[in-house]
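Residue-level listing of the chains:
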Amino acid sequence: MKAYCGHIIYTPTSLAFEILPKGYVVVNDRGIIQGVYASDKYPYGNEIEVVDLGNQLLIPAMNDLHVHAPQFANMGIAMDVPLLLWLNKYTFPEEAKFADIEYARTIYTQFVDELVKQGTMRAAVFATIHTPATLLLADLFHQKGIGAHIGLVAMDRNSPDNLCNSVDEAIEGTNELLAHTKNYPLVNAIITPRFVPSCSPQMLRALSKQAKDRHLSIQSHLCETTNEINWVMELEPEALSYADVYHRYGLLTHDTLMAHCVYPSDIDMGLLQQTGTTIVHCPTSNCNLASGIAPIRRLLEAGIPVTLGSDVAAGHDLSMFQVMQSAIQMSKLNSAIHKRQVSALSLSEVFYMATKLGGSFFGKVGSFEVGYEFDALVIDNDSPMHDSIYNSDTLYTRLERFVYHGNVYQIKKRYCQGKEILIK
Ligand SMILES: [Zn+2]
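Report follows, based on the coordinates. (Residues numbered from 1 in each chain as written. Predicted model: local features only at pLDDT ≥ 70, side-chain atom pairs only at ≥ 80, totals over all residues. Heavy atoms only, no water.)

This part is about the environment of Asn-230. Its location among the elements puts Asn-230 in helix 6 (residues 226-235). The exposure class of Asn-230 is partly exposed, given its relative accessible area of 46%. Considering only alpha carbons, one finds Asn-230 and Tyr-242, twelve residues apart in sequence, at a separation of 9.0 Å. (Helix = DSSP H or I, 4+ residues; strand = E, 2+ residues; numbered from the N terminus. Buried < 20%, exposed > 50% of the residue type's maximum accessible area, 1.4 Å probe, protein only.)

Moving on, we come to empty space enclosed by the protein. Tallying each qualifying case throughout the model produces two cavities of 30 Å³ or more. Within this model, the largest cavity holds a volume of roughly 100 Å³. In terms of lining, the largest cavity is formed by His-68, Gln-71, Leu-83, Trp-86, Leu-87, Arg-194, Phe-195, His-221, Glu-224, His-260, Asp-311 and Ala-314. It is helix 1 (residues 83-96) that provides the largest number of residues to the lining of the largest cavity, a total of three residues. Residues belonging to the lining of the largest cavity are distributed by class as follows: five nonpolar, four polar and three charged. Within this model, the second largest cavity holds a volume of roughly 70 Å³. (1 Å grid on protein atoms, 1.4 Å probe; cavity = no way out; pocket = protein on both sides within 12 Å on 5 of 7 lines; lining within 4 Å. Points joined across faces, edges and corners; volume = space filled by probe spheres on them. Nonpolar A, V, L, I, M, F, W, Y, C, P; charged D, E, K, R; others polar.)

Here we take up the pattern of salt bridges. Enumeration over the complete set of coordinates arrives at 15 salt bridges. Residue Lys-97 pairs with Glu-94 through a salt bridge whose shortest N-O separation is 2.8 Å. Overall, the relative accessible area of 39% leaves Lys-97 in the partly exposed class. Residues joined by salt bridges that share partners form a network here, namely Asp-113, Lys-144 and Lys-424. (Salt bridge = Lys/Arg side-chain N within 4 Å of Asp/Glu carboxyl O.)

On to the packing of aromatic side chains, then. In this structure the tally under the stated criterion is 17 aromatic pairs. Centre to centre, the rings of Phe-321 and Phe-402 are 4.8 Å apart; their planes meet at 80°, and the pair counts as edge-to-face. Placement of the pair is Phe-321 in helix 11 (residues 320-337) and Phe-402 in helix 13 (residues 392-405), with a sequence separation of 81 residues. Like Phe-321, the residue Phe-402 is buried in the burial classification. Seen from their ring centres, Phe-374 and Tyr-415 are 5.3 Å apart, and the 45° between their planes marks the pair as tilted. Of the two residues, Phe-374 sits in the loop between helix 12 (347-359) and strand 15 (376-379) while Tyr-415 sits in strand 16 (residues 411-416), which places them 41 residues apart along the sequence. Assessed through its relative accessible area of 5%, Tyr-415 is described here as buried. Clustering of aromatic rings is evident, with ring pairs tying together Tyr-4, Tyr-10, Phe-368, Phe-374 and Tyr-415. (Phe/Tyr/Trp six-rings, centres within 6.5 Å; stacked < 30°, edge-to-face > 60°.)

Below is the structure:
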């Protein structure tokens, strides 16, 4: 066992931060938290090793619940068109390159390194239709020692020929990924229909069956733009709404992540509630593609779980701190547009989304509570003003400043399941 002593900040609930100035997190040899103590309640003397983090913050590591690894080379560029044009003009040509395993190795290696650098220890990732490159991505996560649900993307209609797989190829590809990751404790496969326009009814049916048979989570996109929704309703005229298409094929479950949900209808909202589906809010992406402002407060008030995703490369940065900041800013614009009738998101709400709620897709991850895996970041953003003062208020201020204004150089250490993960 080992104890980490520092300024501990985490969110057991979305309502408020738990802040323990010079508190202790005790972690066993398997990386599981055994106890969390305020400085005057620490029960161990010299019996166990103490890692003294000095005046640094100790916070849970980040979880990114929606990111496209093969779009990494396009991060920060190609923002001049809306979603459907953007896919055809920039994204599909880039993803087609992953037929080349050496190209995949170059980009995926950089992608995983950058995730770690930004403090993200777990991610729900879209790969491409290409099985060899997707297996390689799983290897890279495993070798790095961080966690992922990796999706071999299924798409068999309305897509370029070189980016279509058949139903059999999609199912077999995920079976191969499952066999390949059998001994990778932190890496798993996730069922990944790209979105309704690129998946035939046969594909959606087969994927739903595979998810059920193999007990897998599911990820896709939902209600990102109005043009996309109109297209879905043309393609699936019998459906009552966009979410109803997924629902009819059994793809909305407690283990489903749906990115965006900028324009949910009342029917969509009802189905999300009823099925326990989680929405992944991607505010930087929604802003960059001018998709719109997702009604996050409305989703939360309806009891629909909401977590956060970078959605690189429609999102321009892998930093989940930047995504948190953007989520608050978008919610403030939304509040202003609605004449303050809708409240903005608080810092603790978005922090909770990126840590404890996002982490729940990977086991007991994302909080400093007994039984949780020790996924953590050590942040050094002290300033002379605060040198000798540590109380809950000043530590909250330091966290807030880091979320809005921090950088990777201030992340001094990264841990996933108790193991320190080094950057290059
Ligand atoms: Zn996406």
